[in-house]
Amino acid sequence: MALTIGQPAGGQKPRGSVLLIHGCGWVATGPGMLGFEQADADRWQQRGFLTCNTDYRPKSQTLPDVTAVYDYIRSQNPDLPIVASGQSAGGQLAMMLGRRRQLAAAISQAGPADLLRLPVPVREFAEASFGGPDGLRRYSPGLVGLRSPTLAAFGAADIAVPPRTQAPSLRRQGAKVVVLPAATQTTGTFFIHTYVDSAALRRYYLRERRFVEGLITAPS
């Protein structure tokens with residue numbers, strides 16, 4: 001299982017740890033997957049955070065592996081607050097991790113929240129990892145409840161994880177939800193599954209930073 005640790009930029013003292021979790025349907029794994037989260041790792045390091053960009057084994061091993069990485073981070077830096085941030089399937093894992101362990105915040109970028117209401121191709125990936133309806137319900141953070149402060153972002157035109165079916169359950173659980181306006185390849189920026197308005201995405205990243213910084217206390 002691949003794992004890359006990144007230090008805060010400029011040699012500054014870490015303000016916290018960010019556990020970064022890639023997506024790709026809970027089944028695509030391996031060291032090459034870490035590249036999907038590298039831009040997020042770079043951004044958090046510039047903000048003064050230690051980052052842990054992790055892989056995991058597929059299907060039923062996903063959440064146990066992510067939980068084990070959390071435990072490793074905690075053992076190495078017991079006094080630092082931990083944020084979990086994930087893309088797509090990684091967003092679902094970040095939110096579910098927040099039910100198992102103490103997180104300062106969970107960040108979900110186009111992460112499924114209600115696995116029962118995913119479109120058929122994506123739901124089949126979820127069923128391969130979590131089983132039938134009972135399993136899908138049990139691993140749906142928007143249905144079983146959130147235990148960590150959560151910020152979730154979706155692209156308005158996302159057809160893999162549609163905000164119209166995934167955002168409502170998160171809002172009912174008290175999560176902060178951002179739906180980024182759609183754009184084209186020539187006018188926008190790619191965000192997880194779709195293109196979104198570039199200015200709106202920049203505003204989201206600023207909100208993401210403020211959301212986390214408002215929840216942590218920097219070490220003295």
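All of the points below concern the structure found in this document. Just so you know, these numbers come straight off a predicted model, no measurement behind them.

The secondary structure content of the chain amounts to 8 helices and 9 strands. Relative to its length of 220 residues, the chain is compact, with a C-alpha radius of gyration of 16 Å against a globular reference of 17 Å. Each of the three principal axes of the chain carries a C-alpha extent, and together these read 45 × 40 × 35 Å. Relative to its full complement of 220 residues, the chain shows a buried share of 54%. Within the chain, counting contacts between residues at least 6 apart in sequence, those at least 24 apart form 71% of the total. Accessible area for the chain stands at about 9,500 Å²; split by element, carbon and sulfur atoms hold 51% of it.

Taken as a whole, this structure holds 6 aromatic pairs when the rule is applied. Ring centres 5.5 Å apart and planes at 85° place the aromatic pair W26 and F130 in the edge-to-face group. In this pair, W26 is assigned in the loop between β2 (17-21) and α1 (38-46) and F130 in helix α4 (residues 120-130), connecting sequence segments 104 residues apart. Between F191 and Y204, the aromatic rings sit 6.2 Å apart at their centres with planes inclined by 70°, giving edge-to-face as the arrangement. Here F191 is found in strand β8 (residues 188-191), whereas its partner Y204 is found in helix α8 (residues 198-213), with 13 residues between them in sequence. Given a relative accessible area of 3%, F191 falls into the buried group. Y204 gets classed as buried once you look at its relative accessible area, which sits at 2%. One aromatic cluster is present, built from ring pairs that chain together W26, F130 and Y139. The ring centre of Y205 lies 3.7 Å from the NZ or CZ of R43, which sits over that ring.

Turning to the environment of V83, a few remarks are in order. In this structure, V83 sits in strand β4 (residues 82-87). Accessibility expressed as a relative area gives 1% for V83, which makes it buried. Put simply, V83 and F49 are 34 residues apart on the chain and 9.7 Å apart in space, counted from C-alpha to C-alpha. The residues contacting V83, other than those within four sequence positions of it, are S17, V18, L19, A104, A105, I107 and V212.

What follows concerns the sheet that holds β2. Pairing is mixed in the open sheet, where 7 strands are placed in the order β1-β3-β2-β4-β5-β6-β7. Edge positions in the open sheet fall to β1 (3-6) and β7 (176-180), since each of these has one partner strand only. Ignoring strand direction, the axes of neighbouring strands in this sheet form an average angle of 15°. Here strand β6 (residues 150-155) pairs with β7 via 5 bridges, running parallel. Counterpart to L151 in the pairing with β7 is K176. Strands β2, β4, β5 (105-109) and β6 of the sheet are contacted by helix α3 (residues 89-100), whose axis makes an angle of about 150° with β4.

We now examine the nonpolar core. If you look at the biggest cluster of nonpolar residues, it comprises 36 residues, and the most contacted ones within it are L19, W26 and L170. Elements that contribute at least two residues to this core include exactly β2, α2 (62-76), β4, α3, α4, β6 and α7 (163-172). It is α3 that provides the largest number of residues to this core, a total of 6 residues. Formed by 23 residues, the second largest nonpolar core is a distinct cluster that contains V83, A110, L151 and I192.

Rules and cut-offs
All residue numbers refer to positions counted from 1 along the written sequence of the respective chain. Totals for whole chains, interfaces and linings use every residue, but because this is a predicted model, local features are given only for residues with pLDDT of at least 70 and side-chain atom pairs only at 80 or more, for both listing and counting. Water and hydrogen atoms play no part in the side-chain values, which are based on all heavy atoms of the structure. Runs of H or I in DSSP of at least four residues are treated as helices and runs of E of at least two as strands, each being numbered from the N terminus. Each radius of gyration reported is based on C-alpha atoms, and the globular scaling rule is 2.2 Å times the count of residues to the power 0.38. Residue burial is assigned from relative accessible area. The probe radius is 1.4 Å, only protein chains are included, and a residue is buried under 20% of its type maximum, exposed over 50%, and partly exposed in between. Residues are treated as being in contact if the distance between any of their heavy atoms lies within 4.5 Å. Method for areas: the Shrake-Rupley scheme with a 1.4 Å probe, in which residue coverage is limited to the protein chains shown. For Phe, Tyr and Trp, where Trp contributes only its six-membered ring, two rings pair if their centres lie within 6.5 Å, and the inter-plane angle classes them as stacked under 30 degrees, edge-to-face over 60, or tilted in between. A ring has a charge above it when a Lys NZ or an Arg CZ is no more than 6 Å from the ring centre and no more than 35 degrees off the ring normal. A pair of strands is treated as paired once DSSP finds two or more bridges between them. Fitting a line to C-alpha atoms yields each axis, with helices limited to the stretch in contact; the angle taken between N-to-C directions then spans 0 to 180 degrees. In these notes, a set of buried Ala, Val, Leu, Ile, Met, Phe, Trp, Tyr and Cys residues joined through side-chain atoms within 4.5 Å is what counts as a nonpolar core.

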